[in-house]
Amino acid sequence: MSLLVVGLSHRSAPVSVLDRASLSVEAQVKLLQDTVAAEPASEAAVLATCNRIELYADVDKFHAGVAELSTLLAQHSGVGLEELTPYLYVHYEDRAVHHMFSVACGLDSMVVGEGQVLGQIKDALARAQELHTAGRLMNDVFQQSLRVGKRAHTETDIDRAGQSLVTFGLEQLAAGSPVDSWARGKRALVIGAGSMSSLAAATLARAGVAEIVIANRTADRAERLAQILTEAEGTEVLARAIPMGSVADELTRADVVVSCTGATGLVLTADAIAAGVEGRVGQQPETVRTGAVGATEASAHDARKAPTARPTPLPPAPVAATSTDEDCPLDLASVPSGFSVMGEAAVAGMDAATLEQHAAWAVSGTVDRRQGGRRGAEVDTELIGALAATAASAGRIPERRRPEPVAEPPRPEPVLFLLDLAMPRDIDAATHRIPGVRLVDIEALAEASADAPMAADVDQVRRIVSDEVAAFGAAQRAAHITPTVVALRTMAADVVAGEMARLEGRLPGLDDKHRAEITQTVRRVVDKLLHSPTVRVKQLAAEPGGTGYADALRTLFDLDPETVASVSRAGESTEKNAKAAQNASDAENRGPA
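Note that the coordinates shown come from a computational prediction; the quantities given were computed from them, not determined experimentally. (Residues numbered from 1 in each chain as written. Predicted model: local features only at pLDDT ≥ 70, side-chain atom pairs only at ≥ 80, totals over all residues. Heavy atoms only, no water.)

Tell me about the overall build of the protein chain, and name the residues and values.
From N to C terminus, the protein chain includes 23 helices and 10 strands. Considering the protein chain as a whole, with its 593 residues, one finds that 42% of them fall into the buried category. Contacts in the protein chain between residues at least 24 apart in sequence constitute 72% of all its contacts with a sequence separation of at least 6. Surface accessibility of the protein chain: about 31100 Å² in total, with carbon and sulfur atoms responsible for 53%. (Helix = DSSP H or I, 4+ residues; strand = E, 2+ residues; numbered from the N terminus. Buried < 20%, exposed > 50% of the residue type's maximum accessible area, 1.4 Å probe, protein only. Contact = heavy atoms within 4.5 Å. Areas by Shrake-Rupley, 256 points an atom, 1.4 Å probe, with all protein chains shown as cover.)

Dropping the structure here:
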């Protein structure tokens, strides 16, 4: 077994990199085709979800395989290899199987324990099978991972450790309120009709939304999902399908929008969301959206009515005064450190005579200034002189107070809730700045789930994964030597047949009864001689590091490598035929879709 996985996920890369590296369905198809066409890989599968991109392959050379798979990922994702490499992880053989099983159980998911990844693994295998890039290894590891994932969810309460990405996202939108009470009576717009969007629609229906509108580029899929929701037991939701061109109109009616499509660009821009909110709540968004501007205009209006204020001068430079200077009108002993005794704040409230005395004291230069001050004595003297002149005409300088901080207008309660589960993102990230809108996307979910509590069942699932990895490795290593054992027994049977033919030539009068008895005796001798070595070699091969026993067996008995390979091909062909027959039988039992 030479399973190799090269990939990146929310654990190894920031969401911005995952966003750019995401693969469309067409890119996944091309990546699979190019991978199996490359020299180190004989079969391949791609697992691409909203928070991971992984390329699995059966390779005959580790280092060459890592280099080739990394290059192909960079090439098809559009992110340069040098930029992508720091975020890539590599798993090989048993570690690759362990990683795959952990992913299937939800241990490596953004929300621990979520089960949606099982459907994504199933889709990845189906695509590889359809493109004929999945051979025995890909089929074995992906199908076994599905069984391990189902076992984990059946035998443990791993689901309690986390929810599906959809449920977790809705909980974030609800901001602490129970999802059922938050969603009840709301109108929902779901964009996309794939597995994640369908799950979101079903979850919203169970939560008690009043209406669900499905928008999808393929109208048939949207109508089918709407029909399923309408006919589902236990819900009374009204569901209908609309074309993608009607999404803008529905934004003016929707309370909740969930989007998860395979689009490579934005599905909803910030302008479209703003227009939808404005159309929904009338003039309120205009007031809210321009709240900061409106506050500025109001301040300007008030300023026009008030007397013209003098410009605010530069802040005073920090100056330390000598406490021995008795000519300073200030009590220097009480002046706080770092306070300018010659700035505007120092002279605020002085009458004209005192200001003149202060100016004269400043000119005398008896102040020890700190290095690095922003103004010199001449500048301070000019300022104080100007203040003295003002005091002479006005009588007194009013005390200068620090300006009151301008209070920002409170952000309004959300009227539109957006959940973006797509990668790359469907909804413009700038939308979160629009008042009246709450946006939760993959990046926000990653931050929110970082500190999510882990259930005790996670440890039990980890033990299941470890046990299953050991059993899978043993089965694969045993299967690896099986063609060699079969080839050995085939060679032994050929030797028996050849020797019996020689015996008949030397004993032409041998009757059928004696010929059969002799043949059976020779075969029993050969079987007994081969039984213990072949059983033992299978046991040894199943242990870690036992892959070399097949090579040893071929060398000891001088087996033809092509004979062993032909046995392997025959076994794969038989297995494929059996699976095809089983699939056909299952389809017949299910009846028409």
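After that view, the rundown keeps rolling.
Can you explain the environment of Asp 157? Please cite residues and give values.
In this fold, Asp 157 is placed in the loop between α7 (136-155) and α8 (165-174). What makes Asp 157 partly exposed here is its relative accessible area of 40%. When the C-alpha positions of Asp 157 and Asp 457 are compared, they lie 5.9 Å apart, and in sequence the two are 300 residues distant.

Residue-level account of the nonpolar core, with values.
Note on soluble globular proteins: their nonpolar side chains tend to be buried together. Within the largest apolar cluster, 68 residues are counted, with the highest numbers of intra-cluster contacts made by Leu 8, Leu 84, Trp 182, Ile 212, Ile 214, Leu 229 and Leu 421. Of all the elements, helix α10 (residues 195-207) adds the most residues to this core, at seven residues. Each residue touching Trp 182, except ones within four places of it in the same chain, is listed here: Leu 170, Leu 173, Ala 174, Ser 177, Val 256 and Phe 417. In this structure, Ala 45, Phe 101, Ala 124 and Phe 472 belong to the second largest nonpolar core, which totals 35 residues. (Core = buried A, V, L, I, M, F, W, Y, C linked by side-chain atoms within 4.5 Å.)

Before we move on, could you go through the sheet that holds strand β1 (residues 3-9) and cite the residues and values that matter?
On the basis of which strands lie adjacent, the open sheet formed by four strands has the order β2-β3-β1-β4 and antiparallel pairing. Two strands close off the open sheet at either side, each with one partner strand: β2 (41-49) and β4 (89-92). For this sheet, the mean angle separating the axes of adjacent strands, direction not counted, is 15°. As defined by bridge partners, β1 adjoins strand β3 (residues 52-59) across seven bridges and the pair is classed as antiparallel. Its bridge partner being in β3, Leu 8 is matched across the sheet by Ile 53. Against the sheet, helix α3 (residues 62-77) makes contact with β1, β3 and β4, and its axis sits at roughly 35° relative to β1, the strand it touches most. The sheet contacts of α7 involve β1, β2 and β3, and relative to β2 the element is tilted by about 35°. (Pairing = 2+ DSSP bridges. Axes fitted to C-alpha atoms, helices over the stretch in contact; angles between N-to-C directions.)

Any chance you could break down the layout of surface pockets for me, citing the residues and the numbers?
Its volume calculated, the largest pocket comes out at about 1100 Å³. Around the largest pocket, the lining comprises 39 residues; the ones closest to its centre are Val 25, Gly 194, Ser 195, Thr 261 and Gly 262. Secondary-structure elements contributing two or more residues to the lining of the largest pocket are α2 (25-37), β2, α6 (116-130) and α10. Among the elements that line the lining of the largest pocket, the one with the most residues is α6, at five residues. Of the residues contributing to the lining of the largest pocket, the split by class is 20 nonpolar, 14 polar and five charged. (1 Å grid on protein atoms, 1.4 Å probe; cavity = no way out; pocket = protein on both sides within 12 Å on 5 of 7 lines; lining within 4 Å. Points joined across faces, edges and corners; volume = space filled by probe spheres on them. Nonpolar A, V, L, I, M, F, W, Y, C, P; charged D, E, K, R; others polar.)

Kindly report on the pairing of β2, identifying the contributing residues and their values.
Side-chain positions along a regular strand alternate between the two faces of the sheet. Most of β2 sits out of view: seven of its nine residues are buried. As judged from the eight bridges shared by β2 and β3, these two strands associate in the antiparallel manner. Paired with Leu 47 across the strands is Glu 54, a residue of β3. As consecutive antiparallel partners, β2 and β3 are separated by two residues.

Please set out the environment of Asp 108 residue by residue, giving values where relevant.
Structurally, Asp 108 can be placed in the loop between α5 (94-105) and α6. Taking the C-alpha atoms as reference points, Asp 108 and Arg 52, 56 residues apart in sequence, are found 9.8 Å from one another. Those residues within four positions of Asp 108 in sequence are excluded, and the remaining contacts are Ser 9, His 10, Arg 11, Arg 52, His 99, Ser 102 and Val 103. A polar contact of 3.0 Å, which involves the side chain of Asp 108, links it to the side chain of Arg 11. (Polar contact = N/O pair within 3.5 Å; in protein donor to acceptor, adjacent residues only side chain to side chain.)

Residues and numbers for the sheet that holds strand β5 (residues 187-191), please.
In spatial order, the strands read β7-β6-β5-β8-β9-β10; together these six strands make up an open sheet with parallel pairing. Of all strands in the sheet, those bounded by a partner on one side alone are β7 (238-242) and β10 (437-440). Neighbour-to-neighbour, the strand axes of this sheet turn through a mean angle of 15°, independent of strand direction. Examined bridge by bridge, strand β9 (residues 416-420) and β10 share four bridges and lie parallel to one another. Note on β10: the bridge partner recorded for Phe 417 is Arg 438.

Describe the packing of α5 against α7, with residues and values.
The contact between α5 and α7 brings their axes to 8 Å, and the two run at 45°. Between α5 and α7, the crossing angle belongs to the class labelled oblique. Considering how the two elements wind past one another, α5 and α7 form a crossing that is right-handed. Contacts between α5 and α7 involve Val 97, Met 100, Phe 101, Ala 104 and Cys 105 from the former and Val 141, Phe 142, Gln 144, Ser 145, Val 148, Gly 149, Ala 152 and His 153 from the latter. When grouped by side-chain class, the residues that make up the contact of α5 with α7 number nine nonpolar, four polar and no charged. (Parallel < 35°, antiparallel > 145°, perpendicular 65-115°, else oblique. Left-handed = near helix turned anticlockwise from the far one by under 90°.)

Explain the confidence of the model for the protein chain to me, and be specific about the residues and the numbers.
Per-residue pLDDT for the protein chain has a mean of 78; in total, 70% of the residues score no lower than 70. Contacts of residues 282-324 to residues separated by more than four positions or lying in other chains number 44 contacts, the stretch itself having pLDDT below 50. For residues 580-593, every residue scores under 50 in pLDDT, and the model assigns this stretch zero contacts once sequence neighbours within four places are set aside. (pLDDT = per-residue confidence, 0-100.)

Please provide a residue-by-residue account of the packing of aromatic side chains, values included.
On inspection of all chains with the given rule, the structure shows four aromatic pairs. A ring pair is formed by Phe 101 and Phe 472, whose centres lie 5.8 Å apart and whose planes are at 75°; its orientation type is edge-to-face. Here the residue Phe 101 occupies a position in helix α5, and Phe 472 occupies one in helix α20 (residues 457-506), the gap between them amounting to 371 residues. (Phe/Tyr/Trp six-rings, centres within 6.5 Å; stacked < 30°, edge-to-face > 60°.)

Any details on the side chain of Ser 22? Residues and values, ideally.
Looking at the element boundaries, Ser 22 is found in the loop between α1 (15-21) and α2. Within the structure, Ser 22 has its side chain in polar contact with the backbone oxygen of Asp 19 (distance 3.0 Å). Ser 22 has contacts with Ile 53, Met 423 and Pro 424, leaving out every residue within four places of it along the chain.

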